[in-house]
Each structure stands twice: as structure tokens, then as C-alpha cells.
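Take a look at the letters that make up each chain.
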Amino acid sequence: MAFNQKLRELRQSKLPPLTQTDLANVLGMTQRKVSFLETGLSEPSLKDLQNICLYFNVSADYFLDLPESLDYIK
């Protein structure tokens, strides 16, 4: 699943579900930026990714589709 889909899924899974405006306010960005991130028209900056991960309590690995273990890279 792509970053934009994961972001939308996490936003909508909050109880009560967050609007794009709610999430934008929490993250200090505009609703338009959240919309662009969710539609794939824009990619997050590293700072945005960090803030998103901290807010949703997920690792950046989740958004980057990295495996839990990188042992195979040796």
C-alpha cells in the first residue's frame, strides 16, 4: 500500500475520524497539503513524515514499506 493510502487510512481510523482539516491543524500544515499527500500529488518532507509518525505512533518503516528486519542487506 502506498504512503497516500496509508495516511488516509490512519486518518480515517481515528475515533472519531479526523477530517483533513483536523489533521492539518494537528500537524501544522494546510488542509490542501494533507489533500495533496492523500491523493499522491505531493510527497511529505522529512519533517512532515516525522510529525505524521509521531502523531499516529507508527514507524517511518510503516510508510516506507521496509521490512521489520533488514538482516538480508548484509
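The structure presented is a predicted model; accordingly, all values stated were derived computationally and were not measured. (Residues numbered from 1 in each chain as written. Predicted model: local features only at pLDDT ≥ 70, side-chain atom pairs only at ≥ 80, totals over all residues. Heavy atoms only, no water.)

Explain the pattern of salt bridges to me, please; I cannot follow it from the model alone.
Where side chains of opposite charge bring their charged atoms close, a pairing between them can arise. Within this structure, the stated rule accounts for four salt bridges. The salt bridge partner of Arg-11 is Glu-38, with a shortest N-O separation of 2.5 Å. One end of the pair, Arg-11, is in helix 1 (residues 3–13); the other, Glu-38, is in helix 3 (residues 31–39), and 27 residues separate them in sequence. The same class applies to Arg-11 as to Glu-38, namely buried. The residue Asp-48 makes a salt bridge to Lys-33 at a minimum N-O spacing of 2.4 Å. A residue pair is termed long-range when its members are at least 10 positions apart, and Asp-48 in helix 4 (residues 46–56) and Lys-33 in helix 3 qualify at 15 residues. On the basis of relative accessibility, which here comes to 30%, the residue Lys-33 falls in the partly exposed class. Taken together, the shared-partner salt bridges in this structure form one network comprising Arg-8, Arg-11 and Glu-38. (Salt bridge = Lys/Arg side-chain N within 4 Å of Asp/Glu carboxyl O. Helix = DSSP H or I, 4+ residues; strand = E, 2+ residues; numbered from the N terminus. Buried < 20%, exposed > 50% of the residue type's maximum accessible area, 1.4 Å probe, protein only.)

Help me understand the side chain of Glu-38, please; the structure alone is not making it clear to me.
On the basis of relative accessibility, which here comes to 1%, the residue Glu-38 falls in the buried class. Aside from chain neighbours lying at most four places away, what touches Glu-38 is Asn-4, Leu-7, Arg-8, Arg-11 and Gln-20. (Contact = heavy atoms within 4.5 Å.)

What should I look at first to understand helix 4 in this one?
Count 3.6 residues to each turn of an α-helix, and residues three or four apart come out pointing the same way. Turning to helix 4, its buried residues are Asp-48, Leu-49, Ile-52, Cys-53 and Phe-56. Each buried residue of helix 4 sits inside an arc of 130 degrees when the element is viewed along its axis, so together they form one side. With respect to the buried face of helix 4, the exposed residues turned more than 90 degrees away are Leu-46 and Leu-54. Looking at the packing, one finds that the buried side of helix 4 touches helix 1, helix 2 (20–27), helix 3 and helix 5 (60–64). (Arc of directions from axis to C-beta.)

Keep in mind these values describe shape, not function.
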